[in-house]
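A look at the structure
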Amino acid sequence: MGDNLRVMAALLPQYEGCIDLIYADPPFFTNKHYPARIGRDEDSRHPLEWQLAEGYGDHWLDMDNYLDFLYPRLVLMYRLLAPNGTLYLHLDWHADACARLLLDELFGRDRILNEIIWTYHGPSPIRHAFNRKHDTILVFTKGDKYTFNADAVREPYHPNTVKTFESSAKAGFGKIPNLARGKVPEDWWYFPVVARLHNERTGYPTQKPESLLERILLASSNPGDLVADFFCGSGTTPLVAVRHGRRFMACDTTWRAVHTACSRLSEQGSPFNLQRDSILTMPALQVPIKVAIQTQIIRLVDPPKLDYWEVDPAWDGKSFHSVMQVRRPNRSGEIPLEIKLPAAPTNVCVRAVTIDGGLIQLHVQPVANSPDRL
Ligand SMILES: C[S@@+](CC[C@H](N)C(=O)[O-])C[C@H]1O[C@@H](n2cnc3c(N)ncnc32)[C@H](O)[C@@H]1O
């Protein structure tokens, strides 16, 4: 967690040339603020259940100021990419043309693999122009050898195409498609926006659909590959990466993004490391949480209402290794206050986020040999 410029610079000594796929979804140069929605069952149809909270800002003095932000980060991404790696840079009409020139300069003009158009529907107040309903994803490969798993992303042909070829083999001017195998998708994609996907919505602003990331990951990485997202927001990329057996690195500058990402990752039930940039200030918790430790059981005693909590049972004092996570059920029910660890802890650190979302705590509880302590 932290400013990705510092995070990526810190990764260079160990990871230069090591990341197989980077998906980057930075602020788009919209000069808007994007609040988050927090509360149970984040749903605009039940506004009493959620409230607005700080999300992230996308404010710039001018385009130069924005490109001064973007360029050094793209340079670091380029350096971190493996020789056969691929970068997907997700933007829209505000800055895609300028960013394309930066990527041309960095990667070389001939290294563009695709300019993907992601189209979607949604309400729009615009009356003076066509509704702006697409984003642009610029795809650049570092070298001419790169991963592209065409078979992993094939989709069925349109029923009309199937009908045409079934009725006449001559329809394709001699080329007969393999109808059963399906086709490699075009460079324009339709996926519904997350606002329409009730099961995916986290309330974090500008969250991208899992299906979009799934296509990117399946096409441009292999199981076991290292995938990174240094503007991870709600954590769509790490979530999809874990689901498909990829290793991941993810970073965001706001603690709400990181909390949302951790909370989503907890659904997958696999451990992950969380590292914080030491200069970041975290909201302070007013009510300290008491933690009871009984051999392998960690129990929170009378905590304030929590949204999420997690445990590192062998905390090294720096990197938080989230071994077990608990999250408040989305629709109803209370959050469990007890976690059973796979083994006895040595140095317990608990992170907890309250339901108003503004409070977070790092609580360290050294464990002696005593079986029970508060
Ligand atoms: C467009 S959103 C990403 C949304 C994400 N793809 C998702 O599916 O939820 C951009 C994110 O970049 C983060 N961000 C902005 N500046 C950053 C920086 N310097 N370092 C790390 N993250 C940053 C913002 O906090 C925000 O969460």
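See the structure printed just above.
These remarks concern the structure in this document. This structure is a prediction, so every number in the text was calculated from the model and none was measured.

1. Structural notes on the pattern of salt bridges
- With the rule as written, the count across this model stands at 15 salt bridges.
- For the salt bridge of Arg79 with Glu16, the shortest nitrogen-to-oxygen distance reads 2.9 Å. Here Arg79 is found in helix H2 (residues 63-80), whereas its partner Glu16 is found in the loop between helix H1 (4-15) and strand S1 (19-24), with 63 residues between them in sequence.
- Residue Arg79 is classed as partly exposed on the basis of its relative accessible area, which comes to 35%.
- One salt bridge connects Arg215 with Glu155, and the closest N-O pair in it is separated by 3.0 Å. Of the two residues, Arg215 is situated in helix H5 (residues 210-220) and Glu155 in the loop between strand S6 (134-141) and helix H4 (159-167); the sequence distance between them amounts to 60 residues.
- Look at Glu155 and you get partly exposed, because its relative accessible area is 23%.
- Salt bridges linked by common partners bring Glu155, Lys183, Glu186 and Arg215 together as one network.

2. A few points about the site of the ligand
- Around the ligand, the structure places 22 residues, and the nearest of them are Asp25, Tyr204, Ser234, Thr236 and Asp252.
- Between the ligand and the protein, one listed contact pairs an oxygen atom with a side-chain N or O atom of Ser234 at 2.6 Å.
- Summarising the interface, the protein chains cover 96% of the accessible area of the ligand, which totals 600 Å² for the free molecule.
- Broken down by class, the residue content of the shell around the ligand amounts to eight nonpolar, nine polar and five charged.

3. Quick look at the pairing of strand S8 (residues 226-229)
- Residues Leu226 and Ala228 line one face of S8 and the alternating positions Val227 and Asp229 line the opposite face, and both faces are buried.
- One ladder, built from two bridges, connects S1 with S8; its direction is parallel. Bridged to Leu21 within S8 is Val227.
- Regarding topology, helix H6 (residues 236-243) serves as the crossover connection from S8 to the parallel strand S9 (residues 247-250), and that connection is right-handed.

4. Considerations on the sheet that holds S6
- Strands sit in the order S7-S5-S6-S4-S1-S8-S9 across an open sheet of seven strands; the sheet is mixed. Both edges of this open sheet fall to strand S7 (188-190) and S9, since each of them pairs with a single strand only. Mean inter-strand twist for the sheet, computed between neighbouring axes without regard to direction, equals 20°.
- By the bridge criterion, four bridges tie S8 to S9 in an arrangement that is parallel. Paired with Val227 across the two strands is Phe248, which belongs to S9.
- The strands that helix H3 (residues 96-107) touches are strand S4 (81-91), strand S5 (112-119) and S6; relative to S6, the one it contacts most, it runs at about 5°.

Reading the values: the criteria
- Residues numbered from 1 in each chain as written.
- Predicted model: local features only at pLDDT ≥ 70, side-chain atom pairs only at ≥ 80, totals over all residues.
- Heavy atoms only, no water.
- Salt bridge = Lys/Arg side-chain N within 4 Å of Asp/Glu carboxyl O.
- Helix = DSSP H or I, 4+ residues; strand = E, 2+ residues; numbered from the N terminus.
- Buried < 20%, exposed > 50% of the residue type's maximum accessible area, 1.4 Å probe, protein only.
- Near = heavy atom within 4 Å.
- Polar contact = N/O pair within 3.5 Å; in protein donor to acceptor, adjacent residues only side chain to side chain.
- Areas by Shrake-Rupley, 256 points an atom, 1.4 Å probe, with all protein chains shown as cover.
- Nonpolar A, V, L, I, M, F, W, Y, C, P; charged D, E, K, R; others polar.
- Pairing = 2+ DSSP bridges.
- Right-handed = clockwise from strand over helix to strand, strands pointing away.
- Axes fitted to C-alpha atoms, helices over the stretch in contact; angles between N-to-C directions.
- Contact = heavy atoms within 4.5 Å.

Everything listed here is a matter of geometry and, on its own, says nothing about what the molecule does.
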